[in-house]
Amino acid sequence: MKTPLIGLGLLAAIALAAAACHPERKAAADNGVAAAQVETTAPSSEMSSAELQQKAQDAADAVSPPVSGAASSSSAAAGQ
């Protein structure tokens, strides 16, 4: 009876250790018009916290409507 319990305990410990290897990381950004939150399970060696934060900022900027009256850099350059 003790052997199955020990085996079950070992499996639970292995599962917890595997889950802890790649914990979920989150970043959020709010540009005043839109907010975004991104999540990843990629290890920080593959995506730094700064990169994750930049992804959140890019997502918020991508869904923001353009500001009326503001010229984009390409249209401003075309007018010169």
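A brief look at the structure comes next. What you see is a predicted model; the values in this text were computed from it and never measured.

Relative to the helices and strands, R25 is located in strand β1 (residues 25-30). The buried charged residue R25 lacks any salt bridge partner; its closest oppositely charged side chain belongs to E51, at an N-O distance of 7.0 Å. Polar side-chain contacts of R25 include one of 3.1 Å to the backbone oxygen of A42. The residues touching R25, leaving out its near neighbours within four places in the chain, are V38, E39, T40, A42, P43, S44, M47, S48, S49 and L52.

Moving on, we get to the pairing of β1. Burial along β1 is one-sided: R25, A27 and A29 are buried, and none of K26, A28 and D30, which face the opposite way, are. The turn joining β1 and strand β2 (residues 35-40), which pair antiparallel and follow one another in sequence, is formed by four residues; a positive phi near 90 degrees is taken by G32.

In this section: the nonpolar core. If you look at the biggest cluster of nonpolar residues, it comprises eight residues: A27, A29, A36, V38, M47, L52, A56 and A60. Mapped by element, the contributors of at least two residues to this core are β1, β2 and α2 (49-63). Per-element accounting of this core gives the leading share, three residues, to α2.

Along β2, the buried face is formed by A36, V38 and T40; none of A35, Q37 and E39, which line the opposite face, is buried. In terms of strand pairing, β1 meets β2 through six bridges, oriented antiparallel. When the bridges of β2 are listed, R25 appears paired with T40.

Rules behind the numbers
Residues numbered from 1 in each chain as written. Predicted model: local features only at pLDDT ≥ 70, side-chain atom pairs only at ≥ 80, totals over all residues. Heavy atoms only, no water. Helix = DSSP H or I, 4+ residues; strand = E, 2+ residues; numbered from the N terminus. Buried < 20%, exposed > 50% of the residue type's maximum accessible area, 1.4 Å probe, protein only. Lys, Arg positive; Asp, Glu negative; His and termini not counted. Salt bridge = Lys/Arg side-chain N within 4 Å of Asp/Glu carboxyl O. Polar contact = N/O pair within 3.5 Å; in protein donor to acceptor, adjacent residues only side chain to side chain. Contact = heavy atoms within 4.5 Å. Pairing = 2+ DSSP bridges. Core = buried A, V, L, I, M, F, W, Y, C linked by side-chain atoms within 4.5 Å.

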